[in-house]
Amino acid sequence: MKNRTYAENIILIGCIAGMLLILPFTIFRFLNGDYLVSLIEGSLMVTMMGIFGYVLKTRKVAGAALLLTALCLLVTVVVVNLKGPAAVYWYYPAALACYCIINVRMASIYNIIGVTLLFPALYTNMPITEMMIVFTTITMLCVFGYSFALQTRNHQTKLTHLAARDALTGAWNRRSLDESLLQKISSKKRNNHQASLLILDLDHFKHINDTYGHGVGDEILKKIADLIRSSIRITDKFYRYGGEEFVIVADSTDLEAASVLAESIRSRVEHSRIFSKEKITISLGIASINQADTAENWLNLADEALYEAKNQGRNMVCMAAAA
């Protein structure tokens, strides 16, 4: 199950576990002549096998998750109606599985429907006190499942966010940049989507670190990051490429507009008072997505333009040469 998302693994493991747990009971019912229930449970296992293969091959989980949970609850309710209250214990794992597989809102809706469908079978076959105990424990299980699933998904969201960010500057990290560039290249091939890439590097930053210490250098990087964030649009993405290098992916921006943006950022940094003891400047290289066929090529073109800016004396903007 390596290299698969949390949602994929939950469905795949759930299908395997479900089939292994249901199989012995299905065989037992069949051998004892309970053909209808064994047929229902067998159909559920076949469907689980199909869902397992579908998710394994396509990696699509949304529809598969809804179908899996709906079928599990439906089969459980049908079996309870056919076999009586003794089968109600199967509803507990099915109800909890909903909160593990689908979002909490849909899981709650499914369980409300499931409990409603259970009521006729339990009401006519159980003492009222026992029936109340069953519904109370199911409700408690759903409340705990809801709370646990909500907390788990919130933690996952936070961890995913942290894993994609640079800890010092708050910019997106190199891994996020690689994913973004691949998406932009793919979008450009499908829809001729326009974008430009800007690489910027702090001039003589090694001198700053060597003279004033890495603590001061880190503070300068954070202030530079804040200044850049305030200079770009909400649709643009800002990344820390490594060390004192940053990347901006300017969406729906041609080379000319990207040049204006780069010059604006360069000027703001030059005239800012980021560091009181020395003037801080940056050099920038720009490349349009139209100049590249691959993400790597696009990044290399902007990087070459950056080195050209440094070779020409720093504190300037250079554009990648036309292909």
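Residues numbered from 1 in each chain as written. Predicted model: local features only at pLDDT ≥ 70, side-chain atom pairs only at ≥ 80, totals over all residues. Heavy atoms only, no water.

Draft legend 1. Structural detail: the pattern of salt bridges. For the structure on display, the rule yields 16 salt bridges. A salt bridge links Lys 222 to Glu 219, with the shortest nitrogen-to-oxygen separation between them at 3.0 Å. Here Lys 222 pairs with Glu 219, and both are found in helix H9 (residues 214–229), just three residues apart, close to one helical turn. We classify Lys 222 as partly exposed; its relative accessible area is 29%. With a relative accessible area of 38%, Glu 219 lands in the partly exposed category. What emerges from the salt-bridge pattern is a single network uniting Arg 4, Glu 8 and Arg 59. (Salt bridge = Lys/Arg side-chain N within 4 Å of Asp/Glu carboxyl O. Helix = DSSP H or I, 4+ residues; strand = E, 2+ residues; numbered from the N terminus. Buried < 20%, exposed > 50% of the residue type's maximum accessible area, 1.4 Å probe, protein only.)

Draft legend 2. Here's a closer look at the nonpolar core. Grouped together as the largest cluster of nonpolar side chains are 44 residues, with contacts concentrated most on Ile 11, Met 48, Leu 68, Leu 118 and Leu 122. Of all the secondary-structure elements, those providing two or more residues to this core are helix H1 (6–31), helix H2 (35–58), helix H3 (62–83), helix H4 (91–101), helix H5 (104–123) and helix H6 (128–163). No other element matches the nine residues that H3 contributes to this core. Dropping the residues within four chain positions of it, Ile 11 is found in contact with Ile 51, Val 55, Val 61, Ala 65, Leu 68 and Ile 101. The next biggest cluster of nonpolar side chains, apart from the first, holds 28 residues, and it includes Ile 208, Ala 225, Phe 275 and Ile 286. (Core = buried A, V, L, I, M, F, W, Y, C linked by side-chain atoms within 4.5 Å. Contact = heavy atoms within 4.5 Å.)

Draft legend 3. Up close: the side chain of Glu 270. For Glu 270, the position within the fold is in helix H10 (residues 255–271). Polar side-chain contacts of Glu 270 include one of 2.8 Å to the side chain of Arg 266. Beyond its immediate chain neighbours, meaning those up to four positions away, Glu 270 contacts Lys 279, Ile 280, Thr 281 and Asn 315. (Polar contact = N/O pair within 3.5 Å; in protein donor to acceptor, adjacent residues only side chain to side chain.)

Draft legend 4. Structural detail: the sheet that holds strand E2 (residues 237–242). Ordered by their spatial adjacency, five strands build an open sheet running E2-E3-E1-E4-E5, and the pairing between neighbours is mixed. Pairing within the sheet leaves two strands with one partner each, and these edge strands are E2 and strand E5 (317–319). Put simply, the sheet's adjacent strands are angled 20° from each other on average, direction ignored. Relative to strand E4 (residues 282–288), strand E1 (residues 195–202) is paired through seven bridges, and the arrangement is antiparallel. For Leu 202, the partnering residue across the bridge sits in E4 and is Ile 282. Lying over the sheet, helix H7 (residues 174–191) contacts E1, E2 and strand E3 (245–251), oriented at roughly 125° with respect to E2. (Pairing = 2+ DSSP bridges. Axes fitted to C-alpha atoms, helices over the stretch in contact; angles between N-to-C directions.)

Draft legend 5. Representation of the packing of aromatic side chains within the structure. In this structure the tally under the stated criterion is eight aromatic pairs. For the ring pair Phe 238 and Phe 246, a centre distance of 5.3 Å and an interplane angle of 25° mean the geometry is stacked. Look at Phe 246 and you get buried, because its relative accessible area is 0%. Ring-pair connections join several aromatic residues into one group, and the members of that group are Phe 119, Tyr 123 and Phe 135. Against the face of Trp 172 rests Arg 165, its NZ or CZ located 3.7 Å from the ring centre. (Phe/Tyr/Trp six-rings, centres within 6.5 Å; stacked < 30°, edge-to-face > 60°. Lys NZ or Arg CZ within 6 Å of the ring centre and 35° of its normal.)

Draft legend 6. Expanded view of the packing of H7 against helix H11 (residues 295–311). The contact between H7 and H11 brings their axes to 9 Å, and the two run at 110°. Between H7 and H11, the interaxial angle falls into the category roughly perpendicular. Between H7 and H11 lies a crossing whose hand is right-handed. The residues of H11 that touch H7, namely those facing Arg 174, Leu 177, Leu 181, Leu 182, Lys 184 and Ile 185, are Ala 295, Trp 298 and Leu 299. Its residues assigned to classes, the contact of H7 with H11 comprises seven nonpolar, no polar and two charged. (Parallel < 35°, antiparallel > 145°, perpendicular 65-115°, else oblique. Left-handed = near helix turned anticlockwise from the far one by under 90°. Nonpolar A, V, L, I, M, F, W, Y, C, P; charged D, E, K, R; others polar.)

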